[in-house]
Each structure stands twice: as C-alpha cells, then as structure tokens.
Amino acid sequence: MDAATITQPIAAKDDSTVAAAPRADAPDSEPLPVPSSAAAATKTTPVQIVLIVLGVIAFLYFARPVVLPVFLACVAGMTLKPLIRWLSYCHIPLALSAAVVLCLLVAAVGIGFFQLGRPALTWMNEAPQHMTALRQRVQKMFPRIARISQAAAAVNNLGATEEEKKEEQKKTPTVEIKNSRGTSSILNWTGTLLVGIGETLVLVYLLLASGDLFLHKLVHVMPTLSDKKRAVEVSHEIQQNISNYLFSVSLINIGLGIVVSGGLYFMSVPNAAMWGMLVAVLNFVPYFGPVAGVILLATVGLLTFDTLWQGLLPPAWYLVLHLLEANLITPVLLGRRFTLNPVVIFVSLIFWTWLWGVPGALLSVPILVSIKAVCDRVPAMSPVSELLSR
C-alpha cells in the first residue's frame, strides 16, 4: 500500500475537521441551542405549586369522610406498633396480637367513657341551672357588675311609666323554637361518628395485622438502592417518632389528669375524677386545650365554693401543674428531637382544626412530626426541616 493511499483518509478527516470549525474571519456565530425539553418538563412554576396545594387542600376537605379515618388509623397503627412487636417476640401471630391489642384498647376506652360519661351527661343536662347559679355567684362576688347591669336596664326604661312597662312586657313575643331538624341532624351526626369509628378500628386492625407489608411494597417499587434505603429510613423514623411522641404525651397527660383529680378531690370538688380526665384529654390539643381547661375548672370552682379565692383554687392548681408539665417534664422526656417551632404548631393547629375539626386538632402535631421526619432525611427539604425546628 503506497503513501498516498494511507494519507488520503487522514486528509479527508482533516478537511472535515477544518470545515466544521468556524473560520477566524467569520463573524461571531451564536452557540448551538442546548435541548432543554427535559428540564422544562421537570421544572414546576410557582403558579403550578399554588394550584397543586389548593387542589390538595380541597381534596382533603371534601374527601374528609374517607381520608380522615385513614389518617387516624395510620397514626394509631404507628402508635401501637411497638406493642405488636413486643407480642411478636413472644411468638404470637400478628393477627392475634392485633386483635388482643385492639380489644384491650377499646375495652379501656369504653370503661372510661361509661364510668366518667354518666356524671358528664348529668352535668350537661343541668347546664341551664348551673349557668343561672354561676351568674348569681358572679353578681354576688362582684356587686359592681350587678349595679352596671341594673344601670343599663334603667337607661333602657328611662322615661317609661309603670303602665307602659307592663304593656311592653305584654307585647314582648314569646319565642318557642320547634326544630324538627335538630333531632335528625343529631342522629345523622351520631351515625356518621359511629361509622367513622368503625372504619378506623377496622383499618387499624388491618394495618397492625399486615405487619411491614406496605413497607416491603414501597421498597419494591423504588427504582434505585439508595431510594430503597431512604424509604426504609424515613418509614422507620416516622413510625418511631410518632410512637414515642404519642406514648410519651399520653403518659404525661394521664399522669397530669390523675394529679389534678387528686387535688380536686382534696378540695372537695364533686366528680373530681371526671374533671381531671377531661382536662387530661384537653391537654392533647396545644394552646387551646389548656385554656379551655382553666376556664372549665374556674366555672366548676365558682359553682362549688362561695368565696372567690376558693373558687379560683381549682384553675390555679391545674395551671401550676400544666406550666410544670409544659416547661419541665415534657422537654425532659421528649428531648430536643421533638421540639418544634411554636409558631408552626399554632398555624398547623388552626389549619387542621378548620379542615377536620376536633380530630384535626388532635392530629396537627403528629402530622408535623411526620413532616419533620421526612424533611430530616431528604436533603432537598432541609430548609423546611429548619423552619419546623425551634
């Protein structure tokens, strides 16, 4: 093979290279456009994010009868998971363990409800008499309030004779409310509540009896090994955080209710156990629950005792115990891992209470704990985790 044959393809290659390269005397040419269809497809605008968030909120609001039992069952299942694991160490099948734990929980709640519900229903039936007695006690303890109300009534009747006052009283219409829809609405609400409780209990049993089936399915659909590990870590973190948080808070609130009940008993307050357990349940709701507990015990104290300082003893006793629990006992037992931003807790409480009512108020903090656990494990969501932390 001669030299011309060997150099011919090389020369052709060099010519193509030179032809492809821009000439020095040519004007500045624009760079070739880089295909950005994939980046444009994955990029989400702020308007789209807002629309997605509003759509999710609307879905959670209108699908509340379906979504709320699922949320409650997931939280209850994660809370009771350590008990199932402990029973599994004793070689008890998952289905039997779930049935035993659920039956014990329902029995404990039912016994407590029937033991404390009867005096509560009696007190509610006598609520109008209690409110009248409370108004008389307040007027007796604060005579200036009674004088102000009498002065306001005198101003309204200024310039009227006795005959005109009697005629005005006769003309005053007697309002008699006959609401046939009230009974039906109460029955519908009770039926919806019972159906929701039944759905939640069935879902809790299925979640407990299935073990880690959903986690295995989630790991199986993850594409990469790192995603599988992250899914397992996030799932275990959420489960452990919610379980530790709810178990700790439940024990703290039960202890608080017992101590409050003991103090009320020694103060000779009737139905002390009922009021203690009621403020313990209210203590699960941040901010609003303790305020409602103080107002409730102040009402009970003013109805029970004749003097003002004795009437303020029950709310003062509960307020001191709550401050001790909130500032010393709870931070020591829960540690810094569960310290959330108070502003975020308050906003979450308002949002979930508006969305789902009382169940939403009870779920507001567990939902925040779950979100923080996810944000702690996902590097891209570290700013959200920093926002949620104190």
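Parameters and conventions
- Residues numbered from 1 in each chain as written.
- Predicted model: local features only at pLDDT ≥ 70, side-chain atom pairs only at ≥ 80, totals over all residues.
- Heavy atoms only, no water.
- Helix = DSSP H or I, 4+ residues; strand = E, 2+ residues; numbered from the N terminus.
- Expected span 1.5 Å × (residues − 1).
- Bend = angle between axes of the 7 residues up to and from the residue.
- pLDDT = per-residue confidence, 0-100.
- Contact = heavy atoms within 4.5 Å.
- Polar contact = N/O pair within 3.5 Å; in protein donor to acceptor, adjacent residues only side chain to side chain.
- Phe/Tyr/Trp six-rings, centres within 6.5 Å; stacked < 30°, edge-to-face > 60°.
- Buried < 20%, exposed > 50% of the residue type's maximum accessible area, 1.4 Å probe, protein only.
- Core = buried A, V, L, I, M, F, W, Y, C linked by side-chain atoms within 4.5 Å.

Participant: Just give me the short version of helix H17 (residues 358-377), but keep the residues and values in it.
Facilitator: Look at H17: 30 Å from first C-alpha to last across 20 residues, which is about the 28 Å you get at 1.5 Å a residue. The sharpest bend along H17 measures roughly 40° and falls at Ser364, with the proline Pro366 sitting one to four residues further on.

Participant: How would you explain the confidence of the model for the protein if you had to name every residue and give the values?
Facilitator: Summarising the model, the protein shows a mean pLDDT of 76, and 74% of its residues fall at 70 or more. With pLDDT under 50 throughout, residues 1-30 is counted as low confidence; its partners more than four residues away or in other chains account for one contact. Segment residues 172-177: pLDDT under 50, and zero contacts once partners within four positions in sequence are set aside and those in other chains are kept.

Participant: Describe the side chain of Asn283, and please don't skip the residues or the numbers.
Facilitator: Considering the arrangement of structural elements, one finds Asn283 in the loop between helix H12 (272-282) and helix H13 (288-304). A distance of 2.7 Å separates polar atoms of two side chains, one belonging to Asn283 and the other to Asn253. Only 3.3 Å separates the side chain of Asn283 from the side chain of His322, close enough to count as a polar contact. Ignoring anything within four residues of it in the chain, the contact list for Asn283 reads Asn253, Leu256, Pro290, Tyr318, His322 and Glu325.

Participant: An account of the side chain of Glu237 is requested, with residue identities and associated values reported.
Facilitator: Structurally, the position occupied by Glu237 is in helix H11 (residues 225-266). Leaving out residues up to four positions away in the same chain, Glu237 has contacts with Ala373 and Arg377.

Participant: Residue-level account of the packing of aromatic side chains, with values.
Facilitator: Scanning the model with the defined rule gives nine aromatic pairs in all. With centroids separated by 5.1 Å and ring planes inclined at 45°, the aromatic side chains of Trp352 and Trp356 adopt a geometry described as tilted. Note that Trp352 and Trp356 are positioned in helix H16 (residues 342-356) at a spacing of four residues, about one turn of the helix. Comparing Trp352 with Trp356 shows no difference in burial state: the two are buried.

Participant: Explain the nonpolar core to me, and be specific about the residues and the numbers.
Facilitator: The biggest cluster of nonpolar side chains holds 26 residues, and the ones touching the most others in it are Ile242 and Trp356. Elements that contribute at least two residues to this core include exactly helix H4 (64-89), H11, H16 and H17. If sequence neighbours within four positions are ignored, Trp356 has contacts with Leu60, Arg64, Val67, Leu68, Phe71 and Leu363. If you look at the next biggest cluster of nonpolar residues, it comprises 14 residues, including Val269, Val279, Leu297 and Val300.

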